[in-house]
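Structure assessment
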Amino acid sequence: MSISHAPPHSPEPDISGTSTSEAPAADASGPASPALQPVVPASARRARVPRWLRRTTGPVLLLALWQVLSATGVLAADVLASPGRIAQVGWDLIADGSLPSAMATSLRRVAFGLLFGTAIGTGLALLAGLFRVGEDLVDAPVQMLRTVPFVGLIPLFIIWFGIGETPKIAIITLGVTFPLYLNVYAGIRGVDTQLIEAGESLGLSRWGLVRHVVLPGALPGALTGLRYSLGIAWLALVFAEQVNADAGIGFLMVQARDFLRTDVIVVCLILYAFLGLLADFIVRSLERLLLQWRPTFTGR
């Protein structure tokens, strides 16, 4: 005897045409479902004040405090001139042409010193970083010379090169060479060996490895060294232009020191700082342009 299975019971439709097994529709008078809100990072929620405004707040507050202290007599004029007085003196120096001429002379000295120092420091770093024989021959003498204060070599440079432009450029060159050498050398030796092995497995020649693996890997260190070198170049320029100079920003400072003009000295110091900041901005722009392949943390 066979047993027949009855078909599954299907719910009968009600008068409105909906199945009795369906869930009842939500009451129109009931609470509405919450709307979805886009997720916004906390860093984006906090960045309501423009960054340029935040970066200029500190210097503006410092200038305001300086002006208040000068106006109330806390800072005497013969000790440190007020910002208003310094601005007036700076405008007068620009108007009579002495400040642009001094700035052009100083820029020329820094440019030559930076050019020679970059060539020497990078060349020595490539020789010591790429070849073990070069490291044995170059690294130890460079490390010994690096510990010698380049300012202490000024009298020796004057004896060797006289009192013209050559000793000034030589001082800047020496100050630029060592930071660039150290950073380029460290960048070359910091390249991952797995990248070298991967390049060799792809059939790259020795020059191909240097061009496509080693040099791009050492580029971040080289740009960092260039930033350090630019800062030291302006520091070396200050010392170089204090020695038998007849032009340049340092020459203006020497004249101002002899006549106790603190306002002129501060103008020259501000100009040094502005030129150094401009040079650092140029190098940071190069970093953003040349290191687009390297994602980095930019702060929160």
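Residues numbered from 1 in each chain as written. Predicted model: local features only at pLDDT ≥ 70, side-chain atom pairs only at ≥ 80, totals over all residues. Heavy atoms only, no water.

1. Digging into unusual backbone geometry
Generally, phi is negative for residues other than glycine and the peptide bonds are trans, each holding for most cases. Residues other than glycine seldom take positive phi values, yet Leu260 does so here, at roughly 55°. For Leu260, a relative accessible area of 71% corresponds to the exposed category. (Buried < 20%, exposed > 50% of the residue type's maximum accessible area, 1.4 Å probe, protein only.)

2. Things to note about the packing of helix H9 (residues 206-240) against helix H11 (residues 262-290)
One can describe the packing of H9 onto H11 by two numbers: an axis separation of 10 Å at closest approach and a directional angle of 170°. Here H11 runs roughly antiparallel to H9, going by the angle between their axes. Counted together, Leu219, Leu223, Thr224, Leu226, Arg227, Leu230, Trp234, Leu237 and Val238 of H9 and Tyr272, Leu275, Gly276, Ala279, Asp280, Val283, Arg284, Leu286, Glu287 and Leu290 of H11 form the full contact between these two elements. A per-class count over the contact of H9 with H11 returns 13 nonpolar, two polar and four charged. (Axes fitted to C-alpha atoms, helices over the stretch in contact; angles between N-to-C directions. Helix = DSSP H or I, 4+ residues; strand = E, 2+ residues; numbered from the N terminus. Parallel < 35°, antiparallel > 145°, perpendicular 65-115°, else oblique. Contact = heavy atoms within 4.5 Å. Nonpolar A, V, L, I, M, F, W, Y, C, P; charged D, E, K, R; others polar.)

3. Considering the packing of aromatic side chains
Evaluated as defined, the whole model comprises five aromatic pairs. With centroids separated by 6.2 Å and ring planes inclined at 85°, the aromatic side chains of Trp160 and Phe161 adopt a geometry described as edge-to-face. These aromatic residues form a ring-pair network of at least three members: Phe157, Trp160 and Phe161. (Phe/Tyr/Trp six-rings, centres within 6.5 Å; stacked < 30°, edge-to-face > 60°.)

4. Thoughts on the nonpolar core
A general trend in soluble globular proteins is that nonpolar side chains are found buried together. Among the nonpolar cores identified, the biggest contains 48 residues, and Ile171, Ile172, Tyr181, Trp234 and Ile249 are the most heavily contacted of them. Elements represented by at least two residues in this core include exactly helix H3 (83-95), helix H4 (98-130), helix H5 (132-146), helix H6 (154-161), helix H7 (165-189), H9, helix H10 (249-258) and H11. Looking at this core, the element that brings in the most residues is H7, giving 10 residues. In this view, Ile171 contacts Phe150, Ile154, Phe157, Ala236 and Ala240; residues no more than four positions away in its chain are not counted. (Core = buried A, V, L, I, M, F, W, Y, C linked by side-chain atoms within 4.5 Å.)

5. Let's talk about the pattern of salt bridges
Across all of its chains, the model carries seven salt bridges by this definition. Taking the shortest distance from any N to any O, the salt bridge between Arg85 and Asp263 comes out at 3.3 Å. In this pair, Arg85 is assigned in helix H3 and Asp263 in helix H11, connecting sequence segments 178 residues apart. With a shortest N-O distance of 3.0 Å, Glu135 and Arg189 are connected by a salt bridge. (Salt bridge = Lys/Arg side-chain N within 4 Å of Asp/Glu carboxyl O.)

6. Quick look at H10
Among the residues making up H10, those that are buried are Ile249, Gly250, Leu252, Met253, Val254 and Ala256. The secondary structure elements touched by the buried residues of H10 are H4 and H11.

7. A closer look at the side chain of Arg109
Position of Arg109 relative to the elements: it lies in helix H4. Here Arg109 falls in the buried class, since its relative accessible area comes to 1%. Excluding its chain neighbours within four sequence positions, the residues that come into contact with Arg109 are Glu165, Lys168, Ile169, Ile172, Leu237, Glu241, Ala247 and Gly248.

8. Concerning empty space enclosed by the protein
Applying the stated rule across the entire model yields one cavity of 30 Å³ or more. The calculated volume of the largest cavity comes to roughly 60 Å³. What lines the largest cavity is Ile154, Ile158, Gly162, Ile163, Pro167, Lys168, Ile171, Ala240 and Val243. Put simply, the parts of the chain that give the lining of the largest cavity at least two residues each are H6 and H7. Residue contributions to the lining of the largest cavity peak at three residues, all from H7. In terms of residue class, the lining of the largest cavity is made up of seven nonpolar, one polar and one charged. (1 Å grid on protein atoms, 1.4 Å probe; cavity = no way out; pocket = protein on both sides within 12 Å on 5 of 7 lines; lining within 4 Å. Points joined across faces, edges and corners; volume = space filled by probe spheres on them.)

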